[in-house]
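# Descriptive structure summary
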Amino acid sequence: MQDEMIIELFCERSEHAIVELSAKYGRMAQSICSNILKNSSDAEECVNDSLFTVWNSIPPNKPMSLRAFFINIVRNKALDRYRYNSSSRRNSYYDIALEELEECFNSTASPVSEVEEGELSDAINNFLGSIKKEDRVMFVSRYFLSESTAAIAQKMDLKESAVRLRLHRTRKKLKNYLEKENLI
């Protein structure tokens, strides 16, 4: 079913909208949550919470891209759960991905809080638009979708060491770009 039709079902308050949204984007949402949380029951709960949030958000919102709208909610729910789970212990897998990005930012602020600021977010989007598509896909897969370097390597038919090297170079380019833009 087309996204526009699913949005209309939400606007009509038809419960079938949740079924269709889950059928179309549920596996992707589950994957993103699992990549961040490393716990299938927490991931499933985040997906369900996200479906409920979308139900409560449409209407009044009418997103231009249902996929982006839903995945953003899913990712934010997973990050909230991650923060809750890691408040007393460390989830080393996701922390490693964040630590990789910290080299691109001032050490006084976390990457998560800085990315939430509009100016920095715009600069990162501009940077991503300026690099090769393959590097952009790797960067987004690693730092937005929280995929492992092994999973990215398999998906892109590369060696894991090549993925790690290209991510390192991309982070270095990002740091230089942000310094040039006077954002760090």
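Structure shown above.
Given the structure is predicted, the values throughout are model-derived calculations rather than measurements. (Residues numbered from 1 in each chain as written. Predicted model: local features only at pLDDT ≥ 70, side-chain atom pairs only at ≥ 80, totals over all residues. Heavy atoms only, no water.)

## Remarks on the side chain of Glu-20
To be explicit about the condition: The numbering of helices and of strands both runs from the N terminus, where a helix is a DSSP run of H or I of at least 4 residues and a strand a run of E of at least 2. Whether a residue is buried, partly exposed or exposed follows from its accessible area with a 1.4 Å probe, protein chains only, as a fraction of its type maximum: under 20%, in between, or over 50%, in that order. By the counting rule applied here, Lys and Arg register as positive and Asp and Glu as negative, while His and the ends of each chain are not counted. Criterion for a salt bridge: a side-chain nitrogen of Lys or Arg within 4 Å of a carboxyl oxygen of Asp or Glu. Here, residues are in contact when the closest pair of their heavy atoms is within 4.5 Å.
Among the secondary structure elements, Glu-20 is positioned in helix α2 (residues 16-37). The buried charged residue Glu-20 lacks any salt bridge partner; its closest oppositely charged side chain belongs to Lys-24, at an N-O distance of 8.0 Å. Excluding residues that lie within four positions of it along the chain, Glu-20 makes contacts with Met-1, Ile-6 and Leu-9.

## Some thoughts on the pattern of salt bridges
All told, the structure shown has 9 salt bridges when counted by the stated rule. One salt bridge connects Arg-81 with Asp-42, and the closest N-O pair in it is separated by 3.0 Å. Of this pair, Arg-81 sits in helix α4 (residues 66-86) while Asp-42 sits in helix α3 (residues 40-57), and the two are 39 residues apart along the sequence. Overall, the relative accessible area of 17% leaves Arg-81 in the buried class. In this structure Asp-42 comes out as buried when scored by relative accessible area, which is 13%. A salt bridge links Glu-147 to Lys-155; its shortest N-O distance comes to 3.0 Å. Judged by relative accessible area, Glu-147 falls into the buried class, the value being 14%. A network of salt bridges, in which partner residues are shared, links Asp-42, Glu-45 and Arg-81.

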